[in-house]
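Summary of the model geometry
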Amino acid sequence: MGLFRKASPRRTQVRRNIRIDRFSQVSRLINRDGLISLLICILFVVLTTPILSFDFNAQPLYRTLILTGILVVIISIAGLLYIHQFQKRLITNHARAAILAGLFVLLLTATKLTSLLFEHTCGATSSAVAMAIVLSLAYSQRFTMGMCVFFSILAVFAAGSPKPTQISGMDLLLTMSAGTVICCFSLREIRTRMKLLKVSAGAAAAICVMAATLNLLKEGARPQEVFSNAGYHAGTAFVIGLLIQSLLPLIEKTFRIATSMTLLDYSDANQPLLKRLAMEAPGTFSHSLMIGSISEAAAEAVGRNGLLCRVGAYYHDIGKLNKPGYFVENEMGSASRHKELSPAMSQLIIVGHVKDGIEMAKEYALPSVLHQFIDTHHGTTLIEHFYHQAKQQKAKNTKSKTPDTPAESEFRYPGPKPRTKEAAIVMLADTVEGAVRSLSEITPTKIEAVVHNMAMKRLQDGQFDVCELSLRELSQIEASISKTLAAHYHGRIAYPQRPDLPSGEKADSEKSDRKKD
């Protein structure tokens, strides 16, 4: 009887939801982005198969092409699954996906040509090192390691075994792995021009030791051939580092990245935008420098890129250059220009500095990684000052006891919200620094209270929803910002004479006080 029992409505609904969920997952895979990614993968297989199968003394070409094509398809499917798991943005960013596939094809072609022309497998190790260096600059360490594994497998087949004395097969795979591991784990950032040379030297040393060890394990190996072969592999790996050093600007532009060395260049006060900011909007320039030091310390406290935060903070307010006098930090004691404007007009001017900043960043060709700090440093927050002014004006002009208040959406920044933790840190530092500066008396206790209140306000307003900032990280950021601001606004010992009075004035005032007594 239990077999023919009618299913409950709840169970039927659950089954229906499961079917709908599976259908939605399949439809998400078979969408426009998925189809374009599949086409890029097919093009990669079509280009890579003849490269790997080409040989002067090969068996019948059609048989080699079919077997090599099957091998490339299997490796490509594994690579696609890896990309889908750890770098999903490549599925939607077709340009970067095509560049990555093109890099694979280019380096595999170089490996095959080196193997055929010079009858040596050192081209495989140098190509693997080049792949590791380029991907370490553009992606995370985990993704780079995975992609280098797939490339090394393909490079082993591209290199083949030109001579019996050459490293090939599993030995070549282990030799390439030694170089790629060193590159992946020692190239987190490039702050000096010597960094790439040091990494290349380290990779060359690891390749030399691995190649020599694997050759010495073979029976009948001659030490002279062993060490000369290892030297070739190590030498080409080091030379490829020199080549990438010269091509670094082209690599950055191709992958739309900015290394730490580039960010340091843009932190120079002689950069045109920073020089203009210092001359035309000195208050904003001083404010940006302060935000830079605060956000750098906060980012390093939670393990994020402090240098990126600092340089991003320098440029986050460049849009104020178009109308510097309308921002309070540049008034320099003069009357506010907003007194002559309506709250709605003032709101348009204040909001406009974000759009103006993005246009100036494009005009001056700032790295795209810095655009996010200009675009998101206010998120979708409310411009409270002018919103309250608008409410008061509407209440005065309306005789009704319950006047209509202006909509908050009209006095909010258009966004977007911060998409990275670095952008969220700069947003919070910008907000807190202005709030602390407005205090009549600044003490460490008041600073901590202001920082916490502003952080909770942004959190409740949903400004950190996109950047995946955890509460623990937010607490650490609060502590770091409070510490930095307390150090900046530290107390001083009082001068024996007021520094704003000319010399001798204090003595005259004291004499007059004695006469009165």
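Predicted model, so just to flag it, every value in this text is computed and none were measured.

1. Observations concerning the side chain of threonine 144
- Locating threonine 144 in the fold gives a position in helix H7 (residues 141–159).
- Residue threonine 144 is classed as buried on the basis of its relative accessible area, which comes to 0%.
- Within the structure, the side chain of threonine 144 is placed 2.8 Å from the backbone oxygen of serine 140, a separation counted as a polar contact.
- Residues in contact with threonine 144, not counting those within four places in the same chain, are Ala132, Leu135, Ser136, Tyr139 and Cys184.

2. Remarks on the packing of helix H3 (residues 61–86) against H7
- Following both chains from N to C, one finds H3 and H7 inclined at 175 degrees, their axes separated by 10 Å at the closest point. On the basis of their axis angle, the class for H3 and H7 is roughly antiparallel. Contacts between H3 and H7 involve Leu71, Val72, Ile75, Ala78, Gly79, Tyr82, Ile83 and Phe86 from the former and Arg142, Phe143, Gly146, Met147, Phe150, Ile153, Leu154 and Phe157 from the latter.
- Grouping the constituent residues of the contact of H3 with H7 by class yields 13 nonpolar, 2 polar and 1 charged.

3. Observations concerning a nonpolar patch on the surface
- Residues Leu35, Leu38, Leu39, Ile42, Val46 and Leu80 make up a contiguous nonpolar surface patch of about 530 Å² in total accessible area.
- No other element matches helix H2 (residues 32–53), which puts 5 residues into the nonpolar patch.
- Inspection of the secondary structure puts valine 46 in helix H2.

4. Things to note about empty space enclosed by the protein
- Scanning the model with the defined rule gives 2 cavities of 30 Å³ or more in all.
- Here the largest cavity defines a volume of roughly 350 Å³.
- Lining the largest cavity are 19 residues, with Gly79, Leu80, Ile83, Leu100 and Ala101 sitting closest to its centre.
- Sorting the residues of the lining of the largest cavity by element identifies H2, H3, helix H4 (89–92), helix H5 (94–118) and H7 as the ones contributing at least two each.
- Per element, the largest residue contribution to the lining of the largest cavity is 6 residues, and it comes from H3.
- Partitioning the lining of the largest cavity into residue classes produces 16 nonpolar, 3 polar and no charged.
- Approximately 30 Å³ is the volume found for the second largest cavity.
- Among the residues making up the lining of the second largest cavity, the classes are represented as 3 nonpolar, 3 polar and 1 charged.

Basis of the calculations
For every chain, the first residue of its written sequence is number 1, and the numbers climb from 1 along that sequence. A pLDDT threshold of at least 70 governs which residues receive local features in this predicted model, and a stricter bar of 80 or more applies before side-chain atom pairs are shown or counted, although totals over entire chains, interfaces and linings include all residues. The basis for every side-chain value is the complete set of non-hydrogen atoms in the structure, without hydrogens or water. Each helix is a run of H or I in the DSSP string that is no shorter than four residues. Each strand is a run of E no shorter than two, and both are numbered from the N terminus. Remark: exposure states derive from per-residue accessible area (1.4 Å probe, protein chains only) relative to the maximum for the residue type, with buried under 20%, exposed over 50%, and partly exposed in between. We define a polar contact as two N or O atoms separated by no more than 3.5 Å, with the added condition that, inside protein, one atom must be a possible hydrogen donor and the other a possible acceptor, whereas residues neighbouring each other in sequence contribute only through side-chain atom pairs. Note on contacts: a residue pair is in contact if any heavy atoms of the two residues lie within 4.5 Å. Geometry is summarised by axes, namely lines fitted to C-alpha atoms with helices restricted to the contacting stretch, and by angles between N-to-C directions that run from 0 to 180 degrees. We call two directions roughly parallel when the angle between them is under 35 degrees, roughly antiparallel when it is over 145, roughly perpendicular when it lies between 65 and 115, and oblique otherwise. For this scheme, ten residues count as nonpolar: Ala, Val, Leu, Ile, Met, Phe, Trp, Tyr, Cys and Pro. Four count as charged, namely Asp, Glu, Lys and Arg, and the remainder, Gly too, count as polar. Note on patches: the residues involved have over 30% relative accessible area and no salt bridge, like charges join within 9 Å, and the nonpolar side chains Val, Leu, Ile, Met, Phe, Trp and Tyr join within 5 Å. Using the Shrake-Rupley algorithm and a 1.4 Å probe, accessible areas are obtained, with residue cover drawn only from the displayed protein chains. What counts as a salt bridge is simple: a side-chain nitrogen of Lys or Arg found within 4 Å of a carboxyl oxygen of Asp or Glu. Buried and open spaces are told apart on a 1 Å grid over the protein atoms alone, a cavity being a set of points where a 1.4 Å probe fits but cannot get out and a pocket being an open set with protein on both sides within 12 Å along at least five of seven lines. Residues with an atom within 4 Å of a point are the lining residues. Grid points are joined across faces, edges and corners, and a volume is the space filled by probe spheres set on the points.

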